[in-house]
Amino acid sequence: MELELVEKGEDSILIKIIGEDHTFCNLLRAELMKDDDVVSAVYTIEHPLTEPPKFYLKVKGGRSPEKVLMGAADRLVEQLEDLKKQLQKELKK
């Protein structure tokens, strides 16, 4: 995965997520929408073979969109680590 900053505002950010598709973008969007300060978390994929997803995040409450995005990424890492531990435990049975 590679990220490319397209546009950054005071309360919004637009990034390209190179090397990913709907699976990752939906996961990230769903996690962001759990945050009460997120106004909008959407992405578009113009063409899956030629264009990477463009992900747009808009926040309120004076929060930084970068910090909100990093917080969501941290929560996803925690959830995936927990999943990994549970899988390791169950697969050893």
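Here, every reference points to the structure presented above.
A few points on the structure. Quick caveat, the model's predicted, so the values are computed rather than measured.

1. Some details on the overall build of the protein chain
Now for step 1: Each helix and strand in the protein chain was counted, giving two helices and four strands.
Now for step 2: When its helices and strands are written in sequence order, the protein chain yields β-β-α-β-β-α.
Now for step 3: Taken along the three principal axes of its C-alpha coordinates, the protein chain extends 50 × 35 × 15 Å.
Now for step 4: A buried classification covers 27% of the 93 residues belonging to the protein chain.
Now for step 5: Considering only contacts in the protein chain between residues 6 or more positions apart, those separated by 24 or more positions represent 47%.

2. What to know about the sheet that holds strand β3 (residues 38–44)
Now for step 1: Read from one edge to the other, the open sheet built from four strands follows the order β1-β2-β4-β3, with strand pairing classed as antiparallel. Lying at the two open borders of the sheet, with one neighbouring strand each, are β1 (2–8) and β3. Direction aside, the axes of adjacent strands within the sheet are offset by 20 degrees on average.
Now for step 2: Both β3 and strand β4 (residues 54–59) contribute to a ladder of six bridges, which runs antiparallel. Within β4, the position partnered with A41 by the bridge is L57.
Now for step 3: Packing of helix α1 (residues 22–32) onto the sheet brings it into contact with β2 (12–18), β3 and β4, and relative to β3 it is tilted by some 175 degrees.
Now for step 4: Against the sheet, helix α2 (residues 65–91) engages β1, β2, β3 and β4, with an angle of about 115 degrees to β4.

Scoring rules and cut-offs
- Residues numbered from 1 in each chain as written.
- Predicted model: local features only at pLDDT ≥ 70, side-chain atom pairs only at ≥ 80, totals over all residues.
- Heavy atoms only, no water.
- Helix = DSSP H or I, 4+ residues; strand = E, 2+ residues; numbered from the N terminus.
- Buried < 20%, exposed > 50% of the residue type's maximum accessible area, 1.4 Å probe, protein only.
- Contact = heavy atoms within 4.5 Å.
- Pairing = 2+ DSSP bridges.
- Axes fitted to C-alpha atoms, helices over the stretch in contact; angles between N-to-C directions.

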